Every structure is written in structure tokens, then in C-alpha cells.
Amino acid sequence: MLSKKMNAETKARRSNLLWMLASISLLIVIGLENILSSTFVLDEGASLSGYLIKQLGFLGGGIVAAWVIWRWGYQFIRRWCSKIVLINIICLIAVKFVGITVNGARRWLGFGAFSFQPSEFAKLAAIITMAAAIAFYLERHGNKELMSLHLRNIFPIDKWERKVPFGKRLFALFLNRYGLFAFFPTLFFSFLVLLQPDAGTAIVIFFPVLMMFFCCELTVIHTKFSWKQRFAFAIAI
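Cut-offs applied
Residues numbered from 1 in each chain as written. Predicted model: local features only at pLDDT ≥ 70, side-chain atom pairs only at ≥ 80, totals over all residues. Heavy atoms only, no water. Buried < 20%, exposed > 50% of the residue type's maximum accessible area, 1.4 Å probe, protein only. Helix = DSSP H or I, 4+ residues; strand = E, 2+ residues; numbered from the N terminus. Arc of directions from axis to C-beta. Contact = heavy atoms within 4.5 Å. Patch = residues over 30% accessible without salt bridge, like charges linked within 9 Å, V, L, I, M, F, W, Y side chains within 5 Å. Areas by Shrake-Rupley, 256 points an atom, 1.4 Å probe, with all protein chains shown as cover. Salt bridge = Lys/Arg side-chain N within 4 Å of Asp/Glu carboxyl O. Phe/Tyr/Trp six-rings, centres within 6.5 Å; stacked < 30°, edge-to-face > 60°. Lys NZ or Arg CZ within 6 Å of the ring centre and 35° of its normal.

Peer 1: Describe in detail helix α8 (residues 167–176), supporting the description with residues and values.
Peer 2: Three or four residues apart is the spacing at which side chains of an α-helix point the same way, because the helix has 3.6 residues per turn. Along α8, the residues that are buried comprise Gly-167, Phe-171 and Leu-175. In a view along the axis of α8, the buried residues occupy a sector of 75°, so they form one face of it. Contacts from the buried residues of α8 go to α6 (144–154), α7 (157–163) and α9 (178–182).

Peer 1: Explain the environment of Asn-176 to me, using residue names and the numbers behind them.
Peer 2: Take Asn-176: it is sitting in helix α8. Judged by its relative accessible area of 25%, Asn-176 falls in the partly exposed class. Taking the C-alpha atoms as reference, Asn-176 lies 7.8 Å from Lys-144; in sequence the two are 32 residues apart.

Peer 1: Which residues make up a nonpolar patch on the surface, and what values do they have?
Peer 2: Side chains of Ile-154, Phe-155, Trp-160, Val-164, Phe-166, Leu-170 and Leu-173 sit close together on the surface and give an oily, nonpolar patch of about 690 Å² of accessible area. Here Val-164 lies in the loop between α7 and α8. You can call Val-164 partly exposed: its relative accessible area is 37%.

Peer 1: Which residues make up the packing of aromatic side chains, and what are the values?
Peer 2: Aromatic rings considered in pairs are described by the distance between their centres and by the relative angle of their planes. With the rule as written, the count across this model stands at 11 aromatic pairs. Ring centres of Phe-183 and Phe-206 lie 6.0 Å apart, and the angle between their planes is 35°; this geometry places the pair in the tilted category. Of the two residues, Phe-183 is situated in the loop between α9 and α10 (184–194) and Phe-206 in helix α11 (residues 199–214); the sequence distance between them amounts to 23 residues. Among the aromatic residues, ring-to-ring pairing joins Phe-136, Tyr-137, Phe-171, Phe-174, Tyr-178, Phe-181 and Phe-184 into one connected group. Positioned over the ring face of Trp-80 is Lys-83, at 5.5 Å from the centre of the ring.

Structure (C-alpha cells):
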């Protein structure tokens, strides 16, 4: 129960957290039930819960990882955002050249007995990247001067502007089209996955990020769209 000593903002945050945990728990239960009902016949009667136990093991690993991130503080992920994007791009490109082909699609990377699907990690990388972009924007209230000052303190933008043709114009374009540039990593992930080919996963990578954009105050061309315009854009996508 919520403590009576909490202020309204804290209560709202706690309530949102509880609703999120409830939603996640419901999705987990539905997913486990679907796995059990759709795969038990593959065990040929040996075990009705073989695949379920395996999935519960993955669930346990995910809970441990979530606990570790919670203890460390999720903010450290933000510092690794650019490295996460770079590693995912390298892995997705590597799939095209040295990936394992299964059922006519090249989607896996393998090293001996170990193999993994980079597109699965790209789903998480896309969400992390957009979350970092949204947080940066909201912390500075969309103020282009504050955003510019902070970026100049972190990156050697002054040097880039002198060395890159039309450097100042490009940086101004970035600030004015910040929301559009925030989509670039996700669009690139989706494009690389689409080449595998895997259109379903490409859509799954893009859609949550699109919903994150709709649910925040981030703008594409420094202009807020009406709900009708956003709805039309969603339908078009």
C-alpha cells in the first residue's frame, strides 16, 4: 500500500510503477501459458513442461539482470548508449557476411557451440537509444540553447564545425530536427534486419520506439503535431 507520508508526485510514480509491474507480470503469465500449450506435444509425451522449465530459466536470468541494473542505477546505461549502438550495428552487419543461414534467412551469429540473434539485442538497443534521446530533450525542456551548450561541453563540436563542410548548418539542423535524428539508430537497425530478411522483427524494433515518441513531448521539426496528425502518421507507418 502507498504510504500516507508520500506526496502526490511520489504516489503517482509509485502507482505507475505498480501498474507497469502488473502489466509485465500479466504478459509473462500469458507468454508462459502460450509456450506450454503450443510446445508440449513436441516432447512426445516425455514431459509436459520441458519447454516451460527452459523458459522459466530465461525468466530467472532476466529477473537477475533487472535486479543488478536496479541496484547499480539505470543511469549508467545512458553512458554506454553510443557503445551499445555501435556494437549492435557491427553485429547486424556481420550477420550479412558471416551469419548462419536457417530456412533461407541469415539471422544468427555463431561461435562454436554458442550462437545468438543480434536482432533480438537490437530491439533493446533501439529502446535504450530513444529513451536517452528523450531524457536529454526533456531535461532541457526542448531549449535549443541549453541543448547546444550541453552538447558542446561533452563533444568537440566546435572543431567539427570548422572541419566539416557546412558544419554550423548541420548542427543547427540537428537541433531543429532533433526528434528526427533521434530515430536514425532505430531506422538503421530496422533496415539492417530487413536485409536478413526479417520484416517482422524490423517492425517490432521500430514500433515501440514510435510509441515512445508519441507518448513524450519530443518534436520532429520543432513543431508539436496534433493527435490527428500523429494518428495519420501511425496509420501510414
